[in-house]
There are 2 protein chains.
Amino acid sequence: MTRVRARMEELGVDALLLSLGADLPWLTGYQAMPLERLTMLVLPVDHDATLVVPALEAPRVEEGDGLFVLRPWSETEDPVALVSRLVGGRRRLAVSDRTWATFVLELQARLPGGTWSPSSLVTSPLRAVKDGAEVAALRRASAAADRVAAQLVAGEVALVGRTEAEVSADLGRRLVAEGHQKVNFAIVGSGPNSASPHHEPGRRRIGPAEAVVCDFGGTLDGYCSDITRTAFTGEPPPQFRDLYGVLQAAQAAAVEAAQVGTPCEDVDGVARRVIEQGGYGPHFIHRTGHGIGLEEHEDPYLVAGNCEPLCAGHAFSVEPGIYLSNRWGARIEDIVLAGDEGPEPLNCVSHDLAIVETAASSS
Amino acid sequence: MTRVRARMEELGVDALLLSLGADLPWLTGYQAMPLERLTMLVLPVDHDATLVVPALEAPRVEEGDGLFVLRPWSETEDPVALVSRLVGGRRRLAVSDRTWATFVLELQARLPGGTWSPSSLVTSPLRAVKDGAEVAALRRASAAADRVAAQLVAGEVALVGRTEAEVSADLGRRLVAEGHQKVNFAIVGSGPNSASPHHEPGRRRIGPAEAVVCDFGGTLDGYCSDITRTAFTGEPPPQFRDLYGVLQAAQAAAVEAAQVGTPCEDVDGVARRVIEQGGYGPHFIHRTGHGIGLEEHEDPYLVAGNCEPLCAGHAFSVEPGIYLSNRWGARIEDIVLAGDEGPEPLNCVSHDLAIVETAASSS
């Protein structure tokens, strides 16, 4: 809270208005429900904070440490009017990035003199650098995801004959069994779908001799995991081995490049260069990585145009991919922690192409 | 799409900008991923629609029926600039209610002459009236939730000795087993927690002689279910029976009041009056209900101040509750469909207080 206020002063922000997103739980431990009843922390730079919360959700809030005053509103009150009164004459306002448009528009109408920024302007550089407890939580989450990935590459997760949706549900159950409280996603793209990076796992039944990209993560004690491994159901053809070899080299080079002080975009550039030199340049259609913490995707982003240097305590994914439309694709992803001793991957499962169910596919 | 354009003309909206929320899937069948890469349908009143989508998510989109042109953007493009160009000189803009604040603020900066409304202004009255296929989907979802509720009131879901979180997970598994693709929530509030309407199911172990409020729902073929039943683990004391009797009468009276043409707030008023007359007025701390469809909560809201009349095809919850702080509480909730033949509850499980595990509690 002290560091947030200091940054508000530095940036000339008069009040922070936090609703949906991770800024509120990061600051207070309380998470707003993603519903049409407004929850909003009003944090003026020069005054105590107030949490405006629907009366029926007030019993969920723990006021314990006096970080804020609780102001429950009843069903016939107008929460936007309440927030506006708490803002008072303050004009330079920062609202949390994921606040619903309806509330932003209502607040703007009620506070016509205000200038508006996203709260990430204030919080993002603070949130991006993880402290000891946060690093420990990320380690636990990554280790739990690793145990599921180890089962996958060892062939313990049946693939051939099952639908993508079934495998996705199986991976989700394993994430929970290994300690996650919540499954955030479990992408399973098989055969031609492996070339669709954000494929929605569907009714397609996985066959022999197919690439299967599995990208999954969940939340454990508030912090996120995220890992991708690619399996091949049977003996991979030489063309796929070639593609995968280039990808594996690109991923390793990008991790090695993720040194403290290196601009984020340079890490992306390293992965991209290896893939270009391997002849797959146009088939790497997304950035190399994203920060991770309370949210699956947060600062810092490893993408062209982001010249911010990596700092010790930054945690992010390194996940290049190569996708040949309608044919096949592959991706390798680890979470990496930048530190003064160099980049440290928090995921440790082998990057070698997982060749699974050769028996099934040859039978 | 035709009805949407007609309403845009009527309201003087030049372009609709749809990102997160149910308006986009309602119109196009495609749902934006809730991520930091912008997905936005630009629908000018006088021109074809364009779906701006991250390149890596483009393979998820089915363009089939020509509702829109697809415009994938690559990682180094600026999607807000892209949307702004598609908006062109149009000034009266409506943006989907749940669009993230970051994108609203960026769009406002890029389109300084614009006036902004939430897209619900255009879509909400259209979405609130369900057509035949939507009613059929809501029936299927409600029937699936009913089967879980029937198991609960029959005592087939073990309560005593388990934690609220365990029971919540159990209810979630049953929702999926009965046909839901997704669990949206499963509130389990036991003992004093039954007085917290939006209680987060936790580590509290359920004991004998306790009220247990279970409120759960999921998504089945795109449409939502939502049901609440209250169980008592053992023989309820007379005071709880009294409270529950008042609640049951209030819920039935509110359903009966939900006739086509009746203002929404009057349905709320009916439930409130019965509870007041029963002596529990101050303990009914939330509105009586909310519309339901593609979203768990949508128009029409049954709340004081909403004088819109109910129409045939409106689907909504009727869910009064009575909560005595730190002691106990109860809620009864059904989904109800307004129709020319009168209100039709889509949930059919008995409203009688479910007395479960009397043996366990007396042993």
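Rules used in this analysis
- Residues numbered from 1 in each chain as written.
- Chains lettered and ligands numbered in written order.
- Predicted model: local features only at pLDDT ≥ 70, side-chain atom pairs only at ≥ 80, totals over all residues.
- Heavy atoms only, no water.
- Pairing = 2+ DSSP bridges.
- Helix = DSSP H or I, 4+ residues; strand = E, 2+ residues; numbered from the N terminus.
- Axes fitted to C-alpha atoms, helices over the stretch in contact; angles between N-to-C directions.
- Contact = heavy atoms within 4.5 Å.
- Right-handed = clockwise from strand over helix to strand, strands pointing away.
- Domains from an automatic or database assignment.
- Buried area = accessible area lost by both parts, 1.4 Å probe.
- Salt bridge = Lys/Arg side-chain N within 4 Å of Asp/Glu carboxyl O.
- Buried < 20%, exposed > 50% of the residue type's maximum accessible area, 1.4 Å probe, protein only.

Student: Residues and numbers for the sheet that holds strand β6 (residues 115–118) of chain B, please.
Tutor: The strand order β4-β3-β2-β1-β5-β6 (chain B) describes an open sheet built from six strands, whose pairing is mixed. Two strands bound the open sheet, and with one partner strand each, they are β4 (68–73) and β6 of chain B. Across the sheet, the mean angle separating the axes of adjacent strands is 20 degrees when strand polarity is ignored. When strand β1 (residues 15–18) of chain B meets strand β2 (residues 40–44) of chain B, the two strands line up antiparallel, connected through four bridges. Its bridge partner being in β2(B), Leu16(B) is matched across the sheet by Leu43(B). Strands β5 (92–95) and β6 of chain B of the sheet are contacted by helix α4 (residues 101–110) of chain A, whose axis makes an angle of about 135 degrees with β6(B). Helix α1 (residues 2–11) of chain B contacts β1, β2 and β3 (49–54) of chain B of the sheet and is inclined by roughly 65 degrees relative to β2(B).

Student: Which residues make up the sheet that holds strand β1 (residues 15–18) of chain A, and what values do they have?
Tutor: Residues and elements named next belong to chain A. Ordered in space as β4-β3-β2-β1-β5-β6, the six strands form an open sheet in which the pairing is mixed. Each having just a single partner strand, β4 (68–73) and β6 (115–118) make up the two edges of the open sheet. Strand-to-strand twist in this sheet, taken as the mean axis angle between neighbours without regard to direction, amounts to 20 degrees. In the packing of helix α3 (residues 79–87) onto the sheet, contacts are made with β1, β2 (40–44), β3 (49–54), β4 and β5 (92–95), and the angle to β3 comes to roughly 175 degrees.

Student: Please give an account of the pairing of β6(A) that cites residues and values.
Tutor: All names here are of chain A. Two strands pair when backbone bridges link them, and β5 and β6 are joined in this way by four bridges, in the parallel orientation. When the sheet's bridge partners are listed, Arg92 is paired in β6 with Thr115. As a crossover connection, the stretch from β5 through α4 into β6 is right-handed.

Student: Describe the domain arrangement of chain A, listing the residues and the values that go with them.
Tutor: All names here are of chain A. Taken domain by domain, chain A comprises domain 1 (2–127) and domain 2 (129–355). For domain 1 versus domain 2, the separation of C-alpha centres amounts to 34 Å. The partner domain 2 presents eight residues to the eight residues of domain 1 that form the contact. Of the roughly 640 Å² buried between domain 1 and domain 2, counting both surfaces, carbon and sulfur atoms make up 33%. On the surface where domain 1 and domain 2 come into contact, there are three salt bridges. In this structure, Arg127 and Glu295 form a salt bridge, with 2.8 Å as the shortest nitrogen-oxygen distance.

Student: Give me the lowdown on the pattern of salt bridges, citing residues and values where you can.
Tutor: Under the criterion given, the structure shown has 46 salt bridges over all chains. A salt bridge links Asp23(B) to Arg127(B), with the shortest nitrogen-to-oxygen separation between them at 2.6 Å. With Asp23(B) in helix α2 (residues 23–28) and Arg127(B) in helix α5 (residues 120–128), this pair connects stretches of sequence that are 104 residues apart. Here the two residues Asp23(B) and Arg127(B) agree in accessibility, since each one is buried. Counted as one network, the salt bridges with shared partners bring together Asp23(A), Arg98(A), Arg127(A), Lys130(A), Glu295(A) and Glu298(A).

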